[in-house]
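Reading the structure
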Amino acid sequence: PQHAARHQHCNGTLFGWCSSGGTACRILNEICKFLKIWDRMNNMEKSHHKVAAIGLGSMGYGIAQSALRGGHKVWGSDINVEQMQRFVDEGGESDELNNVFDQLDTVIVTVLNASQTEEVLFGANGIVSKLRVGAAVLSCATVPPEFAKEMAKRCAAFGVLYLDAPISGGSLKAANGALTIMA
């Protein structure tokens, strides 16, 4: 069973705390979102999931490669055409990402800042409305807390889980699957 299913508080019923909408409730809800996504990521070891890595720079490329080594189907997206070709040559899926958004389990967005994150998620070609209900977005850019809360709220309107997950460790650790995620 998953953490969220095991812990009554993840259903918003722990001693009535979450009926108030207070700080404790908001923190508890964030923890529960993290546990749901953590369970999904841990279960990836047991099954092959469909993952998109958006932003194949030094950090995003390493994340995508780690997911490939884990046996998952991984689609990449980057504005650098040469980087995209390298990713496909090294085992990334070659299908057009736009054709599989509704099948993805997880999207890892590794871009520079809040503006780019919002553009990827909700811009003219935003991905959130294309994802299936229950998909998860891990946003790896360092963004202001209020921005992350707003993105989580907007994603939730589409039934998509959002986790503010800034990363640290550099390209070498990314390539070795050893990044620190601050979620």
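Residues numbered from 1 in each chain as written. Predicted model: local features only at pLDDT ≥ 70, side-chain atom pairs only at ≥ 80, totals over all residues. Heavy atoms only, no water.

It is worth spelling out the overall build of the chain at this point. On a plain count of helices and strands, the chain comes out with 7 helices and 7 strands. Listing every helix and strand of the chain by position from the N terminus yields α-α-β-α-β-α-β-α-β-α-β-β-α-β. The proportion of buried residues among the 183 residues of the chain is 43%. Long-range pairs, those at least 24 residues apart, make up 62% of the contacts in the chain between residues at least 6 apart in sequence. (Helix = DSSP H or I, 4+ residues; strand = E, 2+ residues; numbered from the N terminus. Buried < 20%, exposed > 50% of the residue type's maximum accessible area, 1.4 Å probe, protein only. Contact = heavy atoms within 4.5 Å.)

What follows covers the sheet that holds strand E1 (residues 50-54). Pairing within the open sheet is parallel, and its 5 strands lie in the order E2-E1-E3-E4-E5. The open sheet has two edge strands, strand E2 (73-77) and strand E5 (161-164), and neither has a second partner. For this sheet, the mean angle separating the axes of adjacent strands, direction not counted, is 15°. Here 4 bridges tie strand E3 (residues 106-109) to strand E4 (residues 136-139), and the two strands are oriented parallel to one another. Paired with Val109 across the two strands is Ser139, which belongs to E4. (Pairing = 2+ DSSP bridges. Axes fitted to C-alpha atoms, helices over the stretch in contact; angles between N-to-C directions.)

Right, let's get into the pattern of salt bridges. Summed over the entire model, instances satisfying the criterion amount to 4 salt bridges. Between Arg86 and Glu90 there is a salt bridge; the shortest N-O distance is 3.4 Å. A salt bridge links Arg132 to Asp105, with the nearest nitrogen and oxygen atoms 2.8 Å apart. Of this pair, Arg132 sits in the loop between helix H5 (114-122) and E4 while Asp105 sits in the loop between helix H4 (81-89) and E3; the two residues are 27 residues apart in sequence, bridging distant segments of the chain. Asp105 gets classed as buried once you look at its relative accessible area, which sits at 14%. (Salt bridge = Lys/Arg side-chain N within 4 Å of Asp/Glu carboxyl O.)

Per the stated rule, a full pass over the model turns up 2 aromatic pairs. Consider the rings of Tyr61 and Phe87, whose centres lie 6.1 Å apart with planes at 80°: the pair is edge-to-face. Here Tyr61 is found in helix H3 (residues 58-69), whereas its partner Phe87 is found in helix H4, with 26 residues between them in sequence. Taking relative accessible area as the criterion, Tyr61 reaches 6% and is therefore assigned buried. Centre to centre, the rings of Phe122 and Phe158 are 6.4 Å apart; their planes meet at 35°, and the pair counts as tilted. In this pair, Phe122 sits in helix H5 while Phe158 sits in the loop between helix H6 (145-156) and E5, placing the two residues 36 residues apart along the sequence. (Phe/Tyr/Trp six-rings, centres within 6.5 Å; stacked < 30°, edge-to-face > 60°.)

Another point: the environment of Asn113. With respect to the element layout, Asn113 can be found in the loop between E3 and H5. Asn113 sits 31 residues away from Pro144 along the chain, and the two C-alpha atoms are 9.6 Å apart. For Asn113, the contacting residues outside a window of four places in its chain are Ala141 and Val143. Only 3.2 Å separates the side chain of Asn113 from the backbone nitrogen of Ser115, close enough to count as a polar contact. (Polar contact = N/O pair within 3.5 Å; in protein donor to acceptor, adjacent residues only side chain to side chain.)

For the chain, per-residue confidence averages 80 on the pLDDT scale, and residues scoring 70 or more make up 72% of the total. Looking at the elements of the chain, mean pLDDT is at its lowest for helix H1 (residues 3-6), recorded as 39, and at its highest for H5, recorded as 97. (pLDDT = per-residue confidence, 0-100.)

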